[in-house]
Amino acid sequence: MMQLHYFPGNASMTPHMLLEELGVPHQLVLVDRANNGQRSPAYLALNPNGKIPVLADGELVLYETAAIVLHLADTHPQARLAPAVGTAERAVFYKWLMWLSNTLQAEMPLYFYSDRWADTPEGAAALKRHAETHIAGMVDQLEAELAKHGGPWFLGAKHSVLDPYVLMLCRWTRGMARPARTLPHLGPYLQRLLARPAVQRAYAQEGLGEPRV
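Conventions and cut-offs
- Residues numbered from 1 in each chain as written.
- Predicted model: local features only at pLDDT ≥ 70, side-chain atom pairs only at ≥ 80, totals over all residues.
- Heavy atoms only, no water.
- Helix = DSSP H or I, 4+ residues; strand = E, 2+ residues; numbered from the N terminus.
- Expected span 1.5 Å × (residues − 1).
- Bend = angle between axes of the 7 residues up to and from the residue.
- Buried < 20%, exposed > 50% of the residue type's maximum accessible area, 1.4 Å probe, protein only.
- Contact = heavy atoms within 4.5 Å.
- Core = buried A, V, L, I, M, F, W, Y, C linked by side-chain atoms within 4.5 Å.
- Axes fitted to C-alpha atoms, helices over the stretch in contact; angles between N-to-C directions.
- Parallel < 35°, antiparallel > 145°, perpendicular 65-115°, else oblique.
- Nonpolar A, V, L, I, M, F, W, Y, C, P; charged D, E, K, R; others polar.
- Salt bridge = Lys/Arg side-chain N within 4 Å of Asp/Glu carboxyl O.
- Pairing = 2+ DSSP bridges.
- Phe/Tyr/Trp six-rings, centres within 6.5 Å; stacked < 30°, edge-to-face > 60°.

Chemist: Tell me what's going on with helix α4 (residues 88-112), and back it up with residues and numbers.
Modeler: For α4, with 25 residues, the first-to-last C-alpha span of 35 Å sits near the 36 Å given by 1.5 Å per residue. Most pronounced at L100, the bend in α4 amounts to some 35°. Buried residues of α4: R90, F93, W96, L97, W99, L100, S101, L104, Q105, E107, M108 and Y111, and no others. Of the surrounding elements, those touching the buried residues of α4 are α3 (65-75), α5 (121-149) and α6 (162-171).

Written out as structure tokens, the structure is:
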């Protein structure tokens, strides 16, 4: 049985929702961040970066959210949660998956942990403001993509592994001045995702309350 090492609301949310969507038997293993569980020798043996999540699939141990979701999509092709390899649609899918991981998600720590990159409280506050501005611009790109094709899901008509990823990152904006849920296309889109039974199960298992996004 697969094991997902997780912490509620962290980057493990995306693979958790995806595992529920696929109906794959799995075990949730809590990483106790409150007590620096991600820095324990046992966890560092799985992920030397000390970050969440880790997926253990038999002898295979994976970290990095994008790698995990690609693995799950590729090993469950019958679910059709990613376009066919070698197609233009797959190339667009890769673009957005890498963008979510390397651009939007990578900016988030500058907002949430700005004190780690600044020497003074004033510097940290300025960094947080700038990060929020950058993130708002990136969220606008998500909004524009939904507006462009008008489909119910991020790639258009077909639900894919990108959708739980977008939901997770949009949820992280919930405390910002202009959360993603307030945008005209993202708002209804996020509600459609929250209505999916797999998403509801993952939220319940992680104990995630309001605001859900």
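Alright, that's what it looks like, and here's the rest.
Chemist: Describe the nonpolar core, naming the residues involved and giving the relevant values.
Modeler: By size, the foremost hydrophobic cluster in this structure holds 58 residues, and its most contacted members are L100, L104, L142, L167, L186, Y189 and Y203. Elements that contribute at least two residues to this core include exactly β1 (2-6), α1 (13-22), α3, α4, α5, α6, α7 (186-194) and α8 (197-206). Look past the residues within four positions of Y189 in its chain and what remains in contact with it is L146, P152, W153, F154, D163 and V166.

Chemist: Break down the packing of α1 against α3 for me, citing the residues and quoting the values.
Modeler: Their axes nearest at 9 Å, the elements α1 and α3 cross at an angle of 10°. As the angle between them shows, α1 and α3 are arranged roughly parallel. Side by side, α1 and α3 meet where T14, P15, L18, L19 and L22 of the first sit next to T65, I68, V69 and L72 of the second. Residue composition of the contact of α1 with α3, by class: 7 nonpolar, 2 polar and no charged.

Chemist: Provide a residue-level description of the pattern of salt bridges, including the pertinent values.
Modeler: Applying the stated criterion across every chain, the model contains 6 salt bridges. For R201, the salt bridge goes to E20, with nearest N and O atoms at 2.7 Å. Remark: E20 occurs in helix α1 and R201 occurs in helix α8; sequence separation between them is 181 residues. Judged by relative accessible area, which is 10%, E20 ranks as buried. Where K148 meets E145, a salt bridge forms, and the shortest distance between an N and an O atom there is 3.3 Å.

Chemist: Kindly report on the pairing of strand β3 (residues 54-57), identifying the contributing residues and their values.
Modeler: Where β1 meets β3, 3 bridges bridge the pair, whose relative direction is antiparallel. Within β3, the position partnered with Q3 by the bridge is A56. In this structure, β3 lies alongside strand β4 (residues 60-63), joined through 4 bridges in antiparallel fashion. Directly across from L55, in β4, lies its bridge partner L62. Following β3, the chain reverses through 2 residues before pairing antiparallel with β4; G58 in that reversal takes a positive phi of roughly 65°.

Chemist: Describe the sheet that holds strand β2 (residues 26-30), naming the residues involved and giving the relevant values.
Modeler: The strand order across the open sheet formed by 4 strands is β2-β1-β3-β4, and the pairing between neighbours is mixed. Two strands bound the open sheet, and with one partner strand each, they are β2 and β4. Recorded for the sheet is a direction-independent mean angle of 20° between the axes of neighbouring strands. The sheet strands contacting α3 are β1, β3 and β4, and the helix crosses β4 at an angle near 130°.

Chemist: Can you explain the packing of α3 against α4? Please cite residues and give values.
Modeler: At their nearest, the axes of α3 and α4 sit 10 Å apart, and the two run at 150° to each other. It follows from the interaxial angle that α3 and α4 lie roughly antiparallel. The residues of α4 that touch α3, namely those facing T65, A66, V69, L70 and D74, are R90, F93, Y94, L97, M98, S101 and Q105. The residue makeup of the contact of α3 with α4, split by class, is 7 nonpolar, 3 polar and 2 charged.

Chemist: Explain the packing of aromatic side chains to me, using residue names and the numbers behind them.
Modeler: Under the defined criterion, the tally for this structure stands at 4 aromatic pairs. Taking the centre distance of 5.9 Å and the plane angle of 50° together, the rings of F93 and Y94 count as tilted. Residue classification places F93 among the buried residues on the basis of a relative accessible area of 0%. Assessed through its relative accessible area of 32%, Y94 is described here as partly exposed.

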